Amino acid sequence: MTTKTRPAGRRERILEAALDAFTERGYAATTIADVRARSGASVGSIYHHFGDKEGIAAALYVECLRDYQREFVEAFAPERSAERGVKAMVRQHLRWVESHPKAAAFLAHRHEAEVAAAAAERVRELNAQAFGAVREWLAEHVRAGRIKRMPLHLFYVVVLGPAQEFTRHWLRDPEANPIGPAQSVLAQAAWDALRANRT
């Protein structure tokens, strides 16, 4: 995806065009010709960079996931407070979805087996990095008795499950489900569920 510090290159333009096409037409109905027309790239250039439509979708999935995970980790990693860190995770998830609705919808709804297979290795690498950062941050707070001890996959469900469910509704109807008022409610709910009980 493009960054704010440099103009988009050809590869980035193709991915942005594909995201627009997948969002408007759906993955199944989108063709290489659609992506070519929107990006201005030649068919040969598209095949050179990605191979085929599945390759475009797999690369796009990886790019969106990498952007999401990078900003997610940057939000909580500096926090020494368990409460602020947990709330930062929830708030950043909501902020990212609000700022990148097309990418968020693409990540949430991309279930084609061929796309998943094409992206699997890189997704495993990204997940290992992001989960490792969460695990390292979380371990300190669990040892100190600030956050309940639980398996990491359950921690994710508790901290982000309600926010993910909310954003699914928001993506369908943003006006009916404003993100702003939800941030503090969902962040507090996550912290209430995760903080260790103290006498």
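Values in this document were obtained by computation on a predicted structure and should not be read as measured data.

Reading the values: the criteria
- Residues numbered from 1 in each chain as written.
- Predicted model: local features only at pLDDT ≥ 70, side-chain atom pairs only at ≥ 80, totals over all residues.
- Heavy atoms only, no water.
- Salt bridge = Lys/Arg side-chain N within 4 Å of Asp/Glu carboxyl O.
- Helix = DSSP H or I, 4+ residues; strand = E, 2+ residues; numbered from the N terminus.
- Buried < 20%, exposed > 50% of the residue type's maximum accessible area, 1.4 Å probe, protein only.
- Polar contact = N/O pair within 3.5 Å; in protein donor to acceptor, adjacent residues only side chain to side chain.
- Contact = heavy atoms within 4.5 Å.
- Core = buried A, V, L, I, M, F, W, Y, C linked by side-chain atoms within 4.5 Å.

Description of the pattern of salt bridges
What the rule picks out here adds up to 13 salt bridges. With a closest N to O distance of 2.7 Å, Lys 102 and Asp 20 form a salt bridge. Taken as a pair, Lys 102 in helix H6 (residues 101–109) and Asp 20 in helix H1 (residues 10–25) lie far apart in primary sequence, 82 residues in all. For Lys 102, a relative accessible area of 36% translates into the label partly exposed. Owing to a relative accessible area of 25%, Asp 20 belongs among the partly exposed residues under this scheme. Shared partners join several salt bridges into a network, and the residues in it are Arg 11, Glu 63 and Arg 66.

Some thoughts on the side chain of Arg 110
Here Arg 110 is to be found in the loop between H6 and helix H7 (113–143). Given the relative accessible area of 16%, Arg 110 is considered buried. In this structure the side chain of Arg 110 is engaged in a polar contact, spanning 2.6 Å, whose partner is the side chain of Glu 112. Filtering out sequence-adjacent residues up to four positions away, Arg 110 remains in contact with Tyr 27, Tyr 61 and Val 115.

Some words on the nonpolar core
Of all hydrophobic cores here, the largest spans 60 residues; its most connected members are Ile 147 and Val 159. Per-element tally for this core: the top contributor is helix H4 (residues 53–76), with 12 residues. Ignoring sequence-local partners within four residues, the contact set of Ile 147 consists of Ala 82, Val 86, Trp 137, Leu 138, His 141, Val 142, Trp 191, Leu 194, Arg 195 and Ala 196.

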